[in-house]
Amino acid sequence: MPPLIAALLEKIKSAFKEMSDTILVIYGEKGIEPFKKPLMIALPSLLCLYALVYSPTGAKLKRSIAEQRNMKVVAQYAGDYENAKTKMAGYQRRLPLLKDKDDWLNYLITTSAKNTGVSVDSLGAQRETEVGNYILVSREVSATTNYGLFGKWLAEIENSPIFLRVTEMNLHRDENTRGAIKVTFTLSTVFPRLGGAK
C-alpha cells in the first residue's frame, strides 16, 4: 500500500478512536441526556439518507436478478423458438394468398382435372370457416372417370406445392358404364387471414 494512503487511513482510524473515547467519557459522566437531541435529529436523517441511497439500488438489484433469470430461460429455449419459427415460415410459404381466396380453389380443380383428362361433373359451393388467423376453405367435387385417371388426378392434387388436402371421399363403380367410377370428394386448403404467404 502506498505510504500516503496508509498515513491517511491511520489518521482516519485515530480520529474515530478519539471520537469514540470522547463519547464514552461524556456518557460515563452525564448519561444519555447530552445525546438525545443529536440522536433525534441524526437518526431520521440517516434513515432518510439510507432510503434515498440504498432503496433504489435494492429495487434495481431485484429487477436485474429477475431480468437475468428471464434471459436464462429465453436462452434455454432460443433454439426451439428459432426452429419453430423456421418451420412456421416454411408452412406459411405453402399457403395460397388471401387475395386469391374466391377463385383459387375452383381454378386449381378445373386446371388439374383438365391436365389429367378428367371431366368434372359438378362443383359444390365454396365453404369457408375461420379458425384463429386462418380461413379453412373447402369445395366438393364430383366426377366420372376411370381408376387410372382418378389416381393420376389425386396424385397431382395431393403433391401440390401449395397446401391442399382431400378431406372426404366417396368412390363407387358406375353401373351404367364399364370400367368407370363415380367419385365425390371434398378438397380443402387454408388461407392466412393476415395477407398471405410470407
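Residue positions are given per chain, counting from 1 as you read along its sequence in written order. Where totals are concerned, whole chains, interfaces and linings use all residues; where local detail is concerned, this predicted model gives features only for residues with pLDDT of at least 70, and gives and counts side-chain atom pairs only at 80 or more. As a rule here, side-chain values cover all heavy atoms of the structure and leave hydrogens and water aside.

1. Focus on the side chain of serine 138
Each helix is a run of H or I in the DSSP string that is no shorter than four residues. Each strand is a run of E no shorter than two, and both are numbered from the N terminus. In this fold, serine 138 is placed in strand S3 (residues 134–145). Under the rule applied, a polar contact is a pair of N or O atoms within 3.5 Å (in protein, one hydrogen donor and one hydrogen acceptor; residues adjacent in sequence only if both atoms are side-chain atoms). A polar contact is formed between the side chain of serine 138 and the side chain of serine 188, at a distance of 2.8 Å. Excluding residues within four positions of it along the chain, serine 138 makes contact with Leu105, Ala125, Gln126, Arg127, Thr186, Leu187 and Ser188. Pairs of residues are marked as contacts when any of their non-hydrogen atoms sit within 4.5 Å.

2. Some remarks on the packing of aromatic side chains
In this scheme Phe, Tyr and Trp rings, the latter by its six-membered ring, pair at centre separations within 6.5 Å, and the angle between planes marks the pair as stacked below 30 degrees, edge-to-face above 60, and tilted otherwise. Taken as a whole and judged by the stated rule, the model has four aromatic pairs. Arranged with centres 6.2 Å apart and planes meeting at 90°, the rings of tryptophan 104 and phenylalanine 191 form a pair that is edge-to-face. Of the two residues, tryptophan 104 is situated in helix H3 (residues 104–116) and phenylalanine 191 in strand S5 (residues 181–192); the sequence distance between them amounts to 87 residues. Exposed residues in this analysis have more than 50% of their type's maximum accessible area, buried residues have under 20%, and partly exposed residues fall in between, with area computed by a 1.4 Å probe over protein chains only. We classify phenylalanine 191 as buried; its relative accessible area is 0%. Consider the rings of tryptophan 153 and phenylalanine 185, whose centres lie 5.2 Å apart with planes at 75°: the pair is edge-to-face. Taken as a pair, tryptophan 153 in helix H4 (residues 147–158) and phenylalanine 185 in strand S5 lie far apart in primary sequence, 32 residues in all. The pair tryptophan 153 / phenylalanine 185 is uniform in exposure class, with both members buried. Taken together through their ring pairs, the aromatic side chains of Phe150, Trp153 and Phe185 make up a single cluster.

3. Digging into the nonpolar core
Counting 19 residues, the largest nonpolar core has Leu105, Trp153, Leu164, Phe185 and Leu187 as the members making the most contacts within it. Dropping the residues within four chain positions of it, leucine 164 is found in contact with Trp104, Leu105, Leu108, Ile157, Leu187, Ser188 and Thr189. Here the nonpolar core consists of buried residues drawn from Ala, Val, Leu, Ile, Met, Phe, Trp, Tyr and Cys, with membership extended through side-chain atoms lying within 4.5 Å.

4. Here we look at the pattern of salt bridges
A side-chain nitrogen of Lys or Arg and a carboxyl oxygen of Asp or Glu constitute a salt bridge if their distance falls within 4 Å. Enumeration according to the criterion identifies one salt bridge in this entry. Between lysine 17 and aspartate 21 there is a salt bridge; the shortest N-O distance is 3.9 Å. Within this pair, lysine 17 and its partner aspartate 21 are both found in helix H1 (residues 3–30), separated by four residues, close to a single helical turn. Here lysine 17 falls in the exposed class, since its relative accessible area comes to 54%. With a relative accessible area of 36%, aspartate 21 lands in the partly exposed category.

5. With respect to a nonpolar patch on the surface
In this analysis, a patch consists of residues with relative accessible area above 30% that form no salt bridge, clustered at 9 Å for like charges and at 5 Å for the nonpolar side chains Val, Leu, Ile, Met, Phe, Trp and Tyr. Using a 1.4 Å probe, the Shrake-Rupley method yields the accessible areas, and only the shown protein chains count as cover for residues. A cluster of nonpolar side chains, Ile5, Leu8, Leu9, Ile12, Phe16, Met19 and Ile23, forms an exposed patch at the surface whose accessible area comes to about 670 Å². Here methionine 19 shows up in helix H1. Look at methionine 19 and you get partly exposed, because its relative accessible area is 45%.

6. What about the environment of threonine 129?
By the element assignment, threonine 129 lies in strand S2 (residues 127–131). Dropping the residues within four chain positions of it, threonine 129 is found in contact with Tyr134, Ile135 and Leu136.

Geometric values such as these leave the question of function open.
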